[in-house]
Amino acid sequence: MAEKIAVLGAGSWGSTLANMLVENGHDVKLWARNQAQVDQLNKEHINPEYMKNLVYSDKLVATTDMVAAVKGADVILIVIPTKGLRQVAGKLNTIIAELGQRPLIIHATKGLEQNTYKRPSQMIEEEIAPENRASIVVLSGPSHAEDVAIKDMTAVTAASADLAAAERVQRLFSNSYFRVYTNDDVIGAEFGAALKNIIAIGAGALQGLGYHDNARAALITRGLAEIRRLGVAFGANPMTFIGLSGVGDLVVTATSKNSRNWRAGYQLGQGQNLADVVANMGMVIEGVYTTKAAYELSRKRQVKMPITEALYDVLYNGKSIKTAIDQLMDRDLTSENE
Ligand SMILES: NC(=O)C1=CN([C@@H]2O[C@H](COP(=O)(O)OP(=O)(O)OC[C@H]3O[C@@H](n4cnc5c(N)ncnc54)[C@H](OP(=O)(O)O)[C@@H]3O)[C@@H](O)[C@H]2O)C=CC1
Ligand SMILES: O=C(CO)COP(=O)(O)O
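Residues numbered from 1 in each chain as written. Chains lettered and ligands numbered in written order. Predicted model: local features only at pLDDT ≥ 70, side-chain atom pairs only at ≥ 80, totals over all residues.

### As for the environment of Lys29
Line of reasoning, step 1. Residue placement: Lys29 occurs in strand 2 (residues 27–31).
Line of reasoning, step 2. In the structure, Lys29 is positioned 86 residues away from Asn115 in sequence and 33 Å away in space, judged by C-alpha atoms. (Helix = DSSP H or I, 4+ residues; strand = E, 2+ residues; numbered from the N terminus.)

What follows is the structure, encoded as structure tokens:
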């Protein structure tokens, strides 16, 4: 059944998902804050700052007016980086309260808030009053926008405490190349999504320094162990971490040149400095910020996250990557299951 959907955020992922939803037969309005970008999307059907090679459907309508985007929408998909999510959700709350709408909220944001360590769905719950919204569903999993844009085979997770809402999202997004599974573990899905970016930066750094396949496999596997430890400490189902939003997303992000996080790590490994890497990427590198939040959170909760701690020292304390790797390898020997 065709639905009216507003997509907030017209970067790589928001614009690609909006286009896919149009092609799935839905009535989609895409909100962005930049008028020039909106004009290009509406008139030339391109979004060159974010998705160089995608030609968007002429049925996709973009606007800088959030009220116009949201008016009449039964479903709102938020695809804003973690840093801007709270502000956009707060604005959305005011608008839907005034319009008297109570939409389903989906988000695809992957990170943890600085200082509060809140997950994206927690920020949304805090900013959008329960009377202004239906359920919240997390869309996550191994899904680079670049692959979805060329209709490559992709499988993701729709996680929600409300199974009917997750199943609705499954129907909205699924098509011949994009397969959506449901899951009831929002905490696990969001921790998996946020924390895999830290390990992806590390994997890129290893490759940038000239390490090979064994090193990458070790990092991914031990990275998954610490992702699971932190998630489980906050109530996640351990099984979620061997699913699409866990190991699935970790593998794609830690092995793909499409990943902004992997690329950032690679450039750091090659000797570039962090400020230049961030300034030149032109898109959000969530893992840079998540590393800080996860490091602080793990200290507070007393959860061992040695790789995250090592990367924190590299990104925020000027430690060399080589020293960080040597120190990781030099720790007391331990059991794999600790
Ligand atoms: N790219 C991908 O393949 C995937 C990304 N994700 C996740 O989706 C989220 C968004 O990523 P992605 O689309 O790739 O990011 P991009 O960097 O490509 O785009 C970010 C978009 O968000 C907008 N934006 C940023 N801050 C604000 C703000 N405060 N208010 C309004 N708009 C804002 C930007 O607008 P402007 O251009 O005006 O700055 C831009 O349209 C991230 O959490 C990411 O981890 C998840 C799965 C796949
Ligand atoms: O989350 C993603 C793929 O699932 C995108 O990862 P990057 O942000 O590293 O590009």
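### Points about helix 13 (residues 286–301)
Line of reasoning, step 1. Given a rise of 1.5 Å per residue, 16 residues ought to cover 22 Å, and the 22 Å separating the end C-alpha atoms of helix 13 matches this to within 8%.
Line of reasoning, step 2. Here helix 13 has its buried residues at Glu286, Gly287, Val288, Tyr289, Thr290, Thr291, Ala293, Ala294, Tyr295, Leu297 and Ser298.
Line of reasoning, step 3. One or two steps after helix 13, the chain reaches Gln302, where phi turns positive at roughly 55 degrees. (Expected span 1.5 Å × (residues − 1). Buried ≥ 20, exposed ≤ 12 C-beta atoms within 10 Å, placed from the backbone.)

### Examining the site of ligand 1
Line of reasoning, step 1. The environment of ligand 1 is made up of 27 residues, and the closest members are Gly11, Ser12, Gly84, Lys110 and Met283.
Line of reasoning, step 2. When contributions to the shell around ligand 1 are tallied by element, the ones reaching two or more residues are helix 1 (12–23) and helix 4 (82–99).
Line of reasoning, step 3. Considering every element that reaches the shell around ligand 1, the biggest residue donor is helix 4, with four residues.
Line of reasoning, step 4. Residues of the shell around ligand 1, tallied by class, amount to 12 nonpolar, 12 polar and three charged.
Line of reasoning, step 5. Lining the shell around ligand 1 are residues from two domains, each supplying at least three of them: domain 1 (4–184) and domain 2 (188–329). (Near = placed C-beta within 6 Å. Nonpolar A, V, L, I, M, F, W, Y, C, P; charged D, E, K, R; others polar. Domains from an automatic or database assignment.)

### Looking at the environment of Ser174
Line of reasoning, step 1. Along the polypeptide, Ser174 turns up in the loop between helix 7 (163–173) and strand 8 (178–183).
Line of reasoning, step 2. We classify Ser174 as partly exposed; it has 16 C-beta atoms within 10 Å.
Line of reasoning, step 3. Each C-alpha atom of the pair Ser174 and Leu21 lies 9.2 Å from the other, and the pair is 153 residues apart in sequence.
Line of reasoning, step 4. Apart from residues lying up to four places away in sequence, Ser174 is in contact with Arg179 and Val180. (Contact = placed C-beta atoms within 7 Å.)

### Brief notes about the UniProt feature "domain: Glycerol-3-phosphate dehydrogenase NAD-dependent N-terminal" (unreviewed entry) in the protein
Line of reasoning, step 1. The positions UniProt marks with the feature "domain: Glycerol-3-phosphate dehydrogenase NAD-dependent N-terminal" (unreviewed entry) are residues 4–165.
Line of reasoning, step 2. Strand forms 20% of residues 4–165 and helix 38%; the C-alpha atoms that close the span are 15 Å apart. (UniProt positions renumbered as here; feature names shortened; annotations may be inferred.)

### Focus on the domain arrangement of the protein
Line of reasoning, step 1. Taken as a whole, the protein is organised into domain 1 (4–184) and domain 2 (188–329).
Line of reasoning, step 2. Contacts between the two partners involve 28 residues from domain 1, matched on the other side by 27 residues from domain 2.
Line of reasoning, step 3. Those elements that place two or more of their residues in the side of domain 1 that touches domain 2 are helix 4, helix 5 (120–127), strand 6 (136–140), strand 7 (154–159) and strand 8.

### Some remarks on the nonpolar core
Line of reasoning, step 1. With 108 residues, the main nonpolar core has Val7 and Val137 as its most contacted residues.
Line of reasoning, step 2. The leading source of residues in this core is helix 8 (residues 186–209), at 14 residues.
Line of reasoning, step 3. The contact partners of Val137, leaving out residues within four places of it in the chain, are Leu104, Ile106, Ala158, Ala159, Ser160, Ala165, Ala166 and Val169. (Core = buried A, V, L, I, M, F, W, Y, C linked by C-beta atoms within 7 Å.)

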